[in-house]
Amino acid sequence: MSAAPRGAEILTDGASPTGGRDTVPGGSVSNGCMAAVPIWTNLLTTRSALCLGIAPSPKWLEAWRMGDDVDGARRMCSVVLEAAGERVSVYRIQVPFFTRFGTPGTNLLREVVDGVHERGSLAVLDAKVCDADDTMDSYADLYLGPGSVLGGDAVTANPFMGFAALDPLLRRARDSGTLVMVLVRTSNHAAGGVQGAVTGSRTVAQRTADEVRAWNDEHGVAAAAVVGAAREEALDLVARMPSAVVELPGLGRAGRETRDLVAVAAEAPGRAVLPVTTGVLRHGPDVAALSASIMAWREEIGAEVPAC
Ligand SMILES: O=C(O)c1cc(=O)[nH]c(=O)n1[C@@H]1O[C@H](COP(=O)(O)O)[C@@H](O)[C@H]1O
């Protein structure tokens, strides 16, 4: 790294790395909890189900009075990692907010993933990829596992080209001990028209959830799911995927009740990931205020989300 603005030096802190390197697909942990991937369950259980978003977007860089350039993004990421440290099990990294800066942004993204791993946490690369065949293999080369360009522990993927189109990416996830987080039901308003559409006796979201389960049952657990539905729909979808890690977005958003998200997470002990971005970043760039916010979120969800 070149010129180091405040906090830039703590992107990596020299702590012992774990990241996704020790992940083992399949199996369950000794306390009887179904574990999609043991390292996920161990971290979600011992640290917290809380997942922190890292989003150096123009909006946040302006709000934090950091330049909308790669140096500003580096400062922001450093502050976020310093404030959160080992308090969260998972970081969700918004890929386009880095790659928009070209090669320096992509390099920064890799530095951030390394920083996440050095804190013993997992990195979800939120890129929402969608393609088929060997193009999906190339996405795996870019995103998934320690041998990839970016070294992620999971990548988000869009099943719009059909679930089978995800197969090459899922196989690479299984073989590298990482996860593909399939968009089963997203939280944006426009999603209902597609994901809520009925096909046969099921909605598209239900069908996608059933496909996640079937893939994991047949091939070994590598399919995870993003479920941003309201409470009742989310409970149904989560129940359809008994071994999958499920990301449940919505914490801190207007119109979403924490108790509803926590109720859904309680049905997926040891495999529920609760991401928050705005609800924490709005307290920045003050490190102490960010840390306090993270602790408050941990406390708010921690009492309710049971360990396995
Ligand atoms: O994949 C996601 O994380 C995601 C799923 C979803 O259903 N809805 C959704 O908004 N997201 C992501 O969540 C981010 C906002 O997070 P919050 O600020 O915590 O609400 C957005 O930038 C999306 O990328």
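Residues numbered from 1 in each chain as written. Predicted model: local features only at pLDDT ≥ 70, side-chain atom pairs only at ≥ 80, totals over all residues. Heavy atoms only, no water.

As recorded in an unreviewed UniProt entry, the chain goes by Orotidine-5'-phosphate decarboxylase and comes from Streptosporangium oxazolinicum. UniProt's Sequence similarities (unreviewed entry) comment on the chain is quoted here verbatim: "Belongs to the OMP decarboxylase family. Type 2 subfamily." Taken from UniProt, the Catalytic activity (unreviewed entry) comment for the chain reads in full: "orotidine 5'-phosphate + H(+) = UMP + CO2". (UniProt positions renumbered as here; feature names shortened; annotations may be inferred.)

Peer 1: So, the sheet that holds strand 3 (residues 122-129): which residues are in play, and what are the values?
Peer 2: Through backbone hydrogen bonds, the strands of a sheet pair up, either in parallel or in antiparallel fashion. Reading around the circumference, 1-2-3-4-5-8-9-10 is the order of the eight strands in this closed barrel, with parallel pairing throughout. Examined bridge by bridge, strand 3 and strand 4 (residues 154-157) share three bridges and lie parallel to one another. Looking across to strand 4, one finds that V124 is bridged to A154. Set on the sheet, helix 13 (residues 287-302) makes contact with strand 1 (50-54) and strand 10 (272-276); between it and strand 1 the angle comes to about 145°. (Pairing = 2+ DSSP bridges. Helix = DSSP H or I, 4+ residues; strand = E, 2+ residues; numbered from the N terminus. Contact = heavy atoms within 4.5 Å. Axes fitted to C-alpha atoms, helices over the stretch in contact; angles between N-to-C directions.)

Peer 1: Let's hear about the nonpolar core: which residues, and what values?
Peer 2: Among the nonpolar cores identified, the biggest contains 80 residues, and I93 and L248 are the most heavily contacted of them. For this core, the element with the highest residue contribution is helix 3 (residues 70-84), accounting for nine residues. If sequence neighbours within four positions are ignored, I93 has contacts with I54, F98, L109, V112, V113, V116, A123, V124, L125 and D126. Counting residues in hydrophobic clusters, the runner-up holds 17 residues, among them L44, C51, V90 and L179. (Core = buried A, V, L, I, M, F, W, Y, C linked by side-chain atoms within 4.5 Å. Buried < 20%, exposed > 50% of the residue type's maximum accessible area, 1.4 Å probe, protein only.)

Peer 1: Pulling in residues and values, what's your account of the packing of aromatic side chains?
Peer 2: Two measures describe an aromatic ring pair: the distance that separates the ring centres and the angle between the ring planes. One pass over the structure, following the stated rule, counts one aromatic pair. A ring pair is formed by Y139 and Y143, whose centres lie 6.2 Å apart and whose planes are at 25°; its orientation type is stacked. Taken together, the residues Y139 and Y143, both in helix 6 (residues 133-143) and four residues apart, mark about one turn of the helix. (Phe/Tyr/Trp six-rings, centres within 6.5 Å; stacked < 30°, edge-to-face > 60°.)

Peer 1: How would you explain the pattern of salt bridges if you had to name every residue and give the values?
Peer 2: Across all of its chains, the model carries 19 salt bridges by this definition. R100 is the partner of D68 in a salt bridge, and the nearest nitrogen-oxygen pair spans 2.7 Å. Here R100 lies in the loop between helix 4 (96-99) and helix 5 (103-118) and D68 lies in the loop between helix 2 (58-63) and helix 3, a separation of 32 residues in the sequence. Residue classification places D68 among the partly exposed positions, given a relative accessible area of 42%. Here the residues in one salt-bridge network are R202, D210, D236 and R240, joined through shared partners. (Salt bridge = Lys/Arg side-chain N within 4 Å of Asp/Glu carboxyl O.)

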